[in-house]
Amino acid sequence: MLSWAAPAASAHVPTTDGTSVIRQDGAQVRYTLELDYDTLTKAVGLGALPRTTKDAEHTAFLDTHRARLASYLSERLTLTLEGSPCAASLGDTGITKRQRFLYARLLLTYRCPGSGSGEFTVRYGVFSEADAIGAEHTNMVDYELGGSGGSDVFDTGHRELRAGVAHASGGASGSDGTDVSWSSTGRFVTLGLEHILGGADHVLFLVLLLLGAQGWRSVVRLATSFTVAHSVTLALAVLGWVDVPTEIVEPLIALSIVYVAVENVMRGESRHRVLVVFGFGLLHGLGFAGALDFTDDFGGRLLVSLLSFNAGIELGQLALVLAAFPLILLARRRSWSTRVHVGAAAAVGVIGLVWFVERLLPPGGAA
């Protein structure tokens, strides 16, 4: 997938996600927008429906409040062509489900002046700070505008997309006609970096591995095993070849923390830890994939975005290892290091157990 997925049991920074599919046909642009349902109704001021509400009622609720939705979006999602505004109208509304979360699907149609050739600018202000939704918002974009196409990310630091002029993308054109934009590639790297460093469960799992590692050679073996494993399942899940529900993956990730914590308390690094880490890496890769929802078919831009996101994960992992393991080695020279090691591992294990129980419970709120 490629949308910023919902957090699980307080292990991640609160986020909401969305997707944008933008397609041009002459002077008309169709913009299919998917947003977390409960967050959207809250931001628009419609309130939240009971969790027992049926799908048909969710759909009817959006249709009933179409005018207010159109007003909200017209102020926060604009499209211009060569600086001239494109007239927007809200067409179909509906719902869709990704894993256990409900999303509103909104079809916006923009009619632009002239023939539709030139530089397009999309300005995205949905779920901005002014809406006070209490969570960061990320929207993954798959666009074809002005004869160019690519993938990008809207988030707090990036609210504008330009397309249709060669110099606007800041990159080069790929062999399949898509744009290879260094700026958007950098945003996917940053997204991967933020995801691993902002995900407390991934961080604590890695810290536990470092606590049990005997030396740098051991760290290299464990990190390599974890990297290969999570890269495989991340790619398989993003490409749609493997689909494991979040309600299965997230509790198992919490259990992986508990297992390694117990292993650290009992005996430290075991002979089979590399294989164990590989198995748990497969789980964590599925967790990383839960942060993404690619909207386009397999191709050059999807591959670049996927590799960039994974590169961000690896950079975050490397930064964590280089920051934490030297401190662990220094601490081992102290007489109190064994007690601290056992205490820290036990504390993290308790946290993992709490997360496991929380993730078995039904979701209590919006994504």
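Predicted model, so just to flag it, every value in this text is computed and none were measured.

About the cut-offs
Residues numbered from 1 in each chain as written. Predicted model: local features only at pLDDT ≥ 70, side-chain atom pairs only at ≥ 80, totals over all residues. Heavy atoms only, no water. Phe/Tyr/Trp six-rings, centres within 6.5 Å; stacked < 30°, edge-to-face > 60°. Helix = DSSP H or I, 4+ residues; strand = E, 2+ residues; numbered from the N terminus. Buried < 20%, exposed > 50% of the residue type's maximum accessible area, 1.4 Å probe, protein only. Salt bridge = Lys/Arg side-chain N within 4 Å of Asp/Glu carboxyl O. Pairing = 2+ DSSP bridges. Contact = heavy atoms within 4.5 Å. Axes fitted to C-alpha atoms, helices over the stretch in contact; angles between N-to-C directions. Expected span 1.5 Å × (residues − 1). Patch = residues over 30% accessible without salt bridge, like charges linked within 9 Å, V, L, I, M, F, W, Y side chains within 5 Å. Areas by Shrake-Rupley, 256 points an atom, 1.4 Å probe, with all protein chains shown as cover. Parallel < 35°, antiparallel > 145°, perpendicular 65-115°, else oblique. Left-handed = near helix turned anticlockwise from the far one by under 90°. Nonpolar A, V, L, I, M, F, W, Y, C, P; charged D, E, K, R; others polar.

1. Considerations on the packing of aromatic side chains
For the structure shown, the criterion picks out 6 aromatic pairs. Between Y124 and F154, the aromatic rings sit 4.7 Å apart at their centres with planes inclined by 10°, giving stacked as the arrangement. Within this pair, whereas Y124 is found in strand β7 (residues 120–124), its partner F154 is found in strand β9 (residues 148–154), the two being separated by 30 residues in sequence. F154 matches Y124 in its accessibility class, with the two residues each being buried. For the pair F205 and F226, a centre-to-centre distance of 5.5 Å together with 35° between the ring planes defines the contact as tilted. With F205 in helix α5 (residues 200–212) and F226 in helix α6 (residues 216–238), the pair connects residues that are 21 residues apart, well separated along the chain. By the burial criterion, F205 is buried, and F226 matches it. Among the aromatic side chains, those forming a connected cluster through ring pairs are F205, F226, Y259 and F280.

2. Things to note about the pattern of salt bridges
The final tally for this structure, using the stated rule, is 11 salt bridges. E160 is the partner of R123 in a salt bridge, and the nearest nitrogen-oxygen pair spans 3.0 Å. Here R123 is found in strand β7, whereas its partner E160 is found in strand β10 (residues 160–163), with 37 residues between them in sequence. Take R123: its relative accessible area is 37%, and that puts it in the partly exposed class. Here R273 and E263 are joined by a salt bridge, their closest N and O atoms 2.7 Å apart. Here R273, found in helix α8 (residues 273–289), pairs with E263, found in helix α7 (residues 246–266); they are 10 residues apart in sequence, far enough to count as distant. Comparing R273 with E263 shows no difference in burial state: the two are buried. One salt-bridge network, held together by shared partners, links R23, D142 and E144.

3. Quick word on the sheet that holds strand β4 (residues 84–85)
Here 4 strands make up an open sheet; going across it, the order is β4-β3-β7-β10 and the pairing antiparallel. Strands at the two margins of the open sheet, each flanked by one partner only, are β4 and β10. The pairing of strand β3 (residues 77–81) with β4 spans 2 bridges and is classified as antiparallel. Paired with L81 across the bridge in β4 is S84. Here helix α3 (residues 66–76) sits on the sheet in contact with β3 and β7, set at roughly 50° to β3.

4. Points about α8
The first and last C-alpha atoms of α8 sit 24 Å apart over 17 residues, in line with the 24 Å expected at 1.5 Å per residue. Looking only at α8, the buried set comprises R273, V277, F280, G281, L283, H284, G285, L286, G287, F288 and A289.

5. Considerations on unusual backbone geometry
The residue E82 is not glycine, and still its phi comes out positive at about 50°. The class of E82 is exposed, set by a relative accessible area of 54%. Phi is positive for F127, which is not a glycine, with a value near 55°. Along the chain, F127 falls in the loop between β7 and β8 (136–145).

6. Quick word on the pairing of strand β6 (residues 101–111)
Among the 11 residues of β6, 9 are classified as buried, and the element is accordingly described as predominantly covered. Pairing geometry for strand β5 (residues 87–98) and β6, over 10 bridges, is antiparallel. Bridging from a neighbouring strand, R98 pairs with F101 of β6.

7. Concerning a nonpolar patch on the surface
On the surface, V262, V265, M266 and V342 cluster together into a nonpolar patch covering about 330 Å² of accessible area. Turning to its location among the elements, V342 is positioned in helix α10 (residues 337–360). For V342, a relative accessible area of 32% gives the class partly exposed.

8. Some points on the packing of α7 against α8
Where α7 contacts α8, the axes come no closer than 9 Å and their chain directions differ by 155°. In terms of axis orientation, α7 runs roughly antiparallel to α8. Helix-helix and strand crossings are classified by hand; for α7 and α8 the assignment is left-handed. Where α7 approaches α8, its residues V249, E250, L252, I253, S256, Y259, V260, E263 and N264 are matched on the opposing element by R273, V276, F280, L283, H284, L286 and G287. Each residue belonging to the contact of α7 with α8 can be placed in one class, and the counts come to 9 nonpolar, 4 polar and 3 charged.

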